[in-house]
Amino acid sequence: MSSKVWNMRRTVLGTALGLALAAFGAPQAHAANNDGAVAGHTQAGATVTVTSPDTGFTRSVVADSEGNYRLPFLPVGQYTISATSAGQPVGPTRNVTVALGTTTTVDLGAMNATNLSTINVTSSVLPVIDVSSTESATIVSRADLVRLPVDQNVASVALLAPGVVKGNAGFGGISFGGSSIAENAFYVNGLNVTDFYNRNGFSEAPFAFYDQFQVKTGGYSVEFGRTTGGVVNAVARSGTNEFHAGTEITMEPGNWHSVAENHYDANGTRYITASRDRDSLIKTNVWASGPIVKDKLFFFAMYEARGATPRNTNDAGNAITDNNSNQGFWGTTVDWNITDNNTLSLMAFSDKNKNVGDVYEYDYDTDTRGTKTNEIYTDTGGKNWALTWTSYLTNDLSMKLMYGENNREAFTRSQLDLECNPVAIDDTTAVPPPDPQLGCSTSTRVEKRNDQRKQGRADFEWTLGDHLLRFGYDHEVNTSEYSRYYPGPGALYYTVYAGAAGDTIDNGGVIPAGYTNYVRARRYEIEGTFKTIDSAYYLEDNWQITPNFVLNMGLRNDSFDNQDAAGNSYIKMDRQIAPRLGFSWDMKGDGSTKLFGNLGRYFLPVANVINIKQAGGLLDERTFYAFDGWETRELNGVSYVVPRLGPQIGPVDTSQGDGTVGDLRSEVDHDMDPVYQDEAILGFQQMIGNNWSWGVSGTYRRLHNAIDDMEISATAQCGPDGYVGWVMANPGEKVTVWGDTNCDGTADGYLTVDTSKEGWAMYDAEGNYLGQRGWVKPKRTYTSLEFQLDRAWDEKWSFNASYVLAWNRGNAEGPVNSDTDFDDTGRTENFDDPWVNFGGDGYLPNDRRHQLKLRGAYAITPHWQVSGDLDVHSGGPITGFGVGNPYDAQNYHSYYICVENCTSPVSEDRVYERSPRGAYGRLPWTYTLNAGISYILPFQGGGNLRVKLAVYNLLNQQRTVQVDQDLQTTISNGTSASFMQPIGFQSPRFAQLTVAVDF
């Protein structure tokens, strides 16, 4: 077959049938973040015209002297494309699908339309290897999700991509390529909706609002930044020239949820009570779309009424909470084709939600509820919108301008906040739970936060011969209004811990004789308005060096400016230069085989939670008392207990925040370096016939630096007399802060502390100064080998398989610690003192050695389809954390446990053993099988009825996904009785019925 005929077959098959949306994991060409593009080759000087039959949108360009053309910034959807020269057609008119974030290649040759008689064109979507792409991404369309058993949330979509796993902690989230859950970015129609307060979530529209998703797992272009994890890029549905409407009802009745298992300790005591918990959900979605002005102005609008009524018991089994969330969700898009060269689009949605939890007394043994004791109110979410102007300025130059706002509220309070202090028993305690309930409220905080992102960006594309230049500017102002405190008198939270007389506790105090346990009374308060300004410039050149070889060169310049409550910059980092270099080689010149690679650097901003806690006058006051038994009280006829406080143990600890904003020059490194990650990817792809493709790729990621809080308690100039305090800095690097330069006890100038070898004053048990110690440098690497096999949907069946073999090593997970459930992003325990992370190198919490994912759908008849989705993972490592160390008297989390003479007041007499990261094996493998069956009934005249029953976790696996990893909690001769006790599990099986009618 001649190359000309093969290229014609490839073009017609690939473009007439659409881009391979089912080719999950195939790298896609660079395009804008809320639309796509079409490019290719035709007769030199020919006019190429693309038209949307749905909206009448038309755009024309003239091919250059070599016949190259490009049509950027096209809304996703179906198009026709044709070329003419001197009024005569150049080849036939073609059909083409434009997908999110991709460039579809269409070669418009002069071949006569009669030559197409030998081409078997069907309605299939075939896998096309995009030989111009250098990034790794997975595209998932709304049609894919209708077929597959995928739960209706964005995280479930992201988890379809290879190398993406659930976070291994109580605070959830998803991990991309070994990164922590706090390093990802999420976009809807170009609007960044990532949680900038803690980077631990995102704003999410109702599922029926989305049209397509693009999950970027690596190698993404310089247009995207502020992430060292992954990117989830979504685009909303839009209207057309035809009126359409529909309704969709989703039902998850409580009795369609399998019973969760209770869990008991070695003594048979129930420590997790879950068997009476129930989830129940019903959603009714109505939508409509169509023209406001034919060929010019279109709308899509939807409303979703949602009623969620989950029921939860507390672990003691003496309180039960009935939740009720029935807030309506809405979303809309409006698209205006002002002229052929100018369009204006509006996207808006609300994920605002209100939940009321009614709390009742409860007797688990008799399954009897008593008096209503409290109401808890939780408000979340907010309104989001983006306005985008697209202008095709010349034949070769196009522009897109966007401005939008992302709002998130988080407000939790209860009726008993004035009267009831929260009370807890630590998981590791030996104190038996009392018969009455702990405290008189299940509320543990009064917290209100309003986050607002104001985002503007400008993106340009300029074609210059063999070079496609993409450049732009991105600017965000992220403002958090925040207040938080504990409920109850004195705003105190009481926690009872196990211990024994003579034990040394966290503040260095010793439990007095006659007492076996102790109480921490913690007061935690903060309030203020804080702002972060993030901006970036980027420039990218896609150079078609030869017809078969593309070189992608990009450069991004980020700057981050975190401000205190007064608006002053206190963490400001400029000139963060992120180079990206990629290539794609069409090895045979026919688009069937491709070798590609990518090198890139990615920077991570500092979360707003740092502004608040470092520069907001945080009061974190911890006072310790001997535990003198339980005191029974009564409120509204309900009996409850609070700890009776014995003598105070040790000093009041305000080391984490004394309620004032200090001299920030002494609290922030003056020359701090940003957190960044380098990434290298090398991959290969090949088509197998027309329907199948396979690929293999290798990825290496290395994280550089950490920004975290460290207690610098000594300097080279003044030893322990030069105490600086808690500083946000780069552990293991030189830190420049305002401090005491002449050892007179007064901060009078900047000094530099090389924290790789100094900065921590060591003392023995008698308080004698032993010298200084530095911090180990943070390390994190991720290495993976990924295999993929794909069979695209052809109206009969589809299949995708991926296997990832990965190693995630280091001594720092990232800006959160999931193995100890510490989710204050950027303020982990890891570097509080040098001993916390000393000897902590090993496999990290998000290490999953083996990851296997299978999914597919099969049409039994035109009316019946079955589908499945299997996710298999090996478990993460288990560490036995201790406290203390063999080098000084410090008492805090560490990779050491005390084994002899642990109650000796002389720290030198204590004998420690190292407890390495991952030394206690791994969590079990998990298997999650989802299955679905659908019935489809087309209506005469258009539209259809679709009924889908999906069962998630079909085998009802409830395996352990998290365990207690505290081997010791105090410096003592014993170990924690609850070490390795399971505390997190797979969600039980549940079924979901969706009934949709479209017209």
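Definitions and limits used
- Residues numbered from 1 in each chain as written.
- Predicted model: local features only at pLDDT ≥ 70, side-chain atom pairs only at ≥ 80, totals over all residues.
- Heavy atoms only, no water.
- Helix = DSSP H or I, 4+ residues; strand = E, 2+ residues; numbered from the N terminus.
- Buried < 20%, exposed > 50% of the residue type's maximum accessible area, 1.4 Å probe, protein only.
- Contact = heavy atoms within 4.5 Å.
- Areas by Shrake-Rupley, 256 points an atom, 1.4 Å probe, with all protein chains shown as cover.
- Lys, Arg positive; Asp, Glu negative; His and termini not counted.
- Charge placed at Lys NZ, Arg CZ, Asp CG, Glu CD.
- Core = buried A, V, L, I, M, F, W, Y, C linked by side-chain atoms within 4.5 Å.
- pLDDT = per-residue confidence, 0-100.
- Disulfide = S-S within 2.5 Å.
- Pairing = 2+ DSSP bridges.
- Phe/Tyr/Trp six-rings, centres within 6.5 Å; stacked < 30°, edge-to-face > 60°.
- Lys NZ or Arg CZ within 6 Å of the ring centre and 35° of its normal.
- Polar contact = N/O pair within 3.5 Å; in protein donor to acceptor, adjacent residues only side chain to side chain.
- Salt bridge = Lys/Arg side-chain N within 4 Å of Asp/Glu carboxyl O.
- Patch = residues over 30% accessible without salt bridge, like charges linked within 9 Å, V, L, I, M, F, W, Y side chains within 5 Å.
- Axes fitted to C-alpha atoms, helices over the stretch in contact; angles between N-to-C directions.

When helices and strands are counted, the protein shows four helices and 61 strands. The dimensions of the protein, computed from C-alpha atoms along their principal axes, are 100 × 70 × 45 Å. Across the 999 residues of the protein, 59% fall into the buried class. Taking the contacts inside the protein whose residues are at least 6 apart along the sequence as the reference set, 71% of them involve residues at least 24 apart. Carbon and sulfur atoms form 54% of the exposed surface of the protein, whose accessible area is close to 36800 Å². Taking the 77 positively charged and 114 negatively charged side chains of the protein as two groups, their mean positions are separated by 7 Å.

With that settled, the discussion passes to the nonpolar core. In terms of nonpolar packing, the biggest core is built from 34 residues, with Leu-145, Phe-209, Tyr-210, Phe-213 and Met-347 touching the most fellow members. Leaving out residues up to four positions away in the same chain, Tyr-210 has contacts with Arg-142, Val-154, Val-188, Glu-204, Ala-205, Ala-234, Val-235, Ala-236 and Arg-237.

Averaged over the protein, the pLDDT score is 90; the fraction of residues at 70 or greater is 94%. For the stretch residues 110-127, pLDDT sits under 50, and the model shows 45 contacts to residues farther than four places along the chain or on other chains.

The tally for this structure, following the rule as stated, stands at three disulfides. The disulfide bridge from Cys-718 ends at Cys-743, spanning 2.0 Å between sulfur atoms. Here the S-S torsion is close to -95 degrees, and the disulfide linking Cys-718 with Cys-743 is therefore left-handed. Linking Cys-718 in the loop between strand S42 (708-712) and strand S43 (725-729) with Cys-743 in the loop between strand S44 (734-739) and strand S45 (749-754), this pair joins segments that are 25 residues apart in sequence. Cys-718 sits in the buried class, given a relative accessible area of 9%.

What follows deals with the sheet that holds strand S9 (residues 136-141). In sheet architecture, strand pairing relies on hydrogen bonds along the backbone and comes in two forms, parallel and antiparallel. Taken together, five strands build an open sheet; the order of strands is S9-S14-S15-S12-S13 and the sheet is mixed. In this open sheet, the two edge strands, each paired with only one partner strand, are S9 and strand S13 (191-192). Inspection of the sheet shows strand S12 (residues 185-188) paired to S13 by two bridges, in the antiparallel sense. From the neighbouring strand, Val-188 faces S13, where its bridge partner is Leu-191.

With that settled, the discussion passes to the pairing of strand S7 (residues 94-98). For S7, the buried fraction is high: four of the five residues fall into the buried class. Relative to S7, strand S5 (residues 77-85) is paired through five bridges, and the arrangement is antiparallel. Looking at S7, one finds that Gln-78 is bridged to Thr-97.

What follows concerns the packing of aromatic side chains. Enumeration over the complete set of coordinates arrives at 37 aromatic pairs. For the pair Tyr-518 and Phe-624, a centre-to-centre distance of 6.2 Å together with 45 degrees between the ring planes defines the contact as tilted. Remark: Phe-624 occurs in strand S38 (residues 619-635) and Tyr-518 occurs in strand S34 (residues 517-546); sequence separation between them is 106 residues. As far as burial versus exposure is concerned, Tyr-518 and Phe-624 are alike and both buried. Three or more aromatic residues joined by ring pairs make a cluster, and in this case those are Phe-207, Phe-209, Tyr-210, Phe-213, Trp-287, Phe-300 and Phe-349. The residue whose ring lies beneath Arg-306 is Phe-329, and the NZ or CZ to ring-centre distance is 4.4 Å.

Within the element layout of this structure, Thr-58 appears in strand S3 (residues 58-62). The sequence separation of Thr-58 and Leu-74 amounts to 16 residues, and the corresponding C-alpha distance is 10.0 Å. In contact with Thr-58, other than residues within four places in its own chain, are Thr-49, Val-50, Thr-51 and Asp-340. Side-chain polar atoms of Thr-58 contact the backbone oxygen of Gly-56, separated by 3.2 Å.

With that out of the way, let us pick up the pattern of salt bridges. Taken as a whole, this structure holds 40 salt bridges when the rule is applied. For Arg-226, the salt bridge identified is with Glu-476, shortest N-O distance 3.2 Å. Within this pair, whereas Arg-226 is found in the loop between strand S14 (210-218) and strand S15 (231-236), its partner Glu-476 is found in strand S32 (residues 467-485), the two being separated by 250 residues in sequence. A relative accessible area of 4% means that Arg-226 is categorised as buried. Taking the shortest distance from any N to any O, the salt bridge between Lys-352 and Glu-409 comes out at 2.8 Å.

Turning to the pairing of strand S19 (residues 281-293), a few remarks are in order. Where a strand is regular, its side chains alternate between the two sheet faces. Across nine bridges, the pairing between strand S16 (residues 244-252) and S19 is antiparallel. What sits directly across from His-244, in S19, is Ser-289. As paired strands, S19 and strand S20 (residues 297-308) are joined by twelve bridges and run antiparallel to one another. Bridging from a neighbouring strand, Trp-287 pairs with Met-302 of S20. Where S19 folds back onto S20 in an antiparallel hairpin, the turn is made up of three residues, including Asp-295, whose phi is positive at roughly 65 degrees.

Taken together, the side chains of Trp-256, Tyr-858, Ile-860, Trp-864, Ile-933 and Leu-949 make up a nonpolar region of the molecular surface, amounting to roughly 540 Å² of accessible area. For Tyr-858, a relative accessible area of 37% corresponds to the partly exposed category.

The subject of this paragraph is the environment of Thr-516. Tracing the backbone through its elements, the reader meets Thr-516 in the loop between strand S33 (492-498) and S34. Spatially, the C-alpha atom of Thr-516 lies 39 Å from that of Arg-809, the residues being 293 residues apart in sequence. There is a polar contact of 2.9 Å between the side chain of Thr-516 and the side chain of Asn-517.

Bringing unusual backbone geometry into the picture now. Located in the positive-phi region is Ala-86, a residue other than glycine, with phi close to 55 degrees. If you trace the backbone, Ala-86 turns up in the loop between S5 and strand S6 (88-89).

Moving on, we come to the environment of Thr-309. For Thr-309, the location among the structural elements is in the loop between S20 and strand S21 (311-313). On the accessibility criterion, Thr-309 (39% relative accessible area) is partly exposed. For the pair Thr-309 and Val-356, spaced 47 residues apart in the sequence, the C-alpha separation amounts to 9.6 Å. Aside from chain neighbours lying at most four places away, what touches Thr-309 is Arg-278, Ser-280, Asn-323 and Asn-324.

Here three strands make up an open sheet; going across it, the order is S4-S1-S8 and the pairing mixed. If you trace the sheet from one side to the other, it starts and ends with strand S4 (68-74) and strand S8 (103-105), each paired once. Ignoring strand direction, the axes of neighbouring strands in this sheet form an average angle of 15 degrees. Examined bridge by bridge, strand S1 (residues 36-41) and S4 share five bridges and lie antiparallel to one another.

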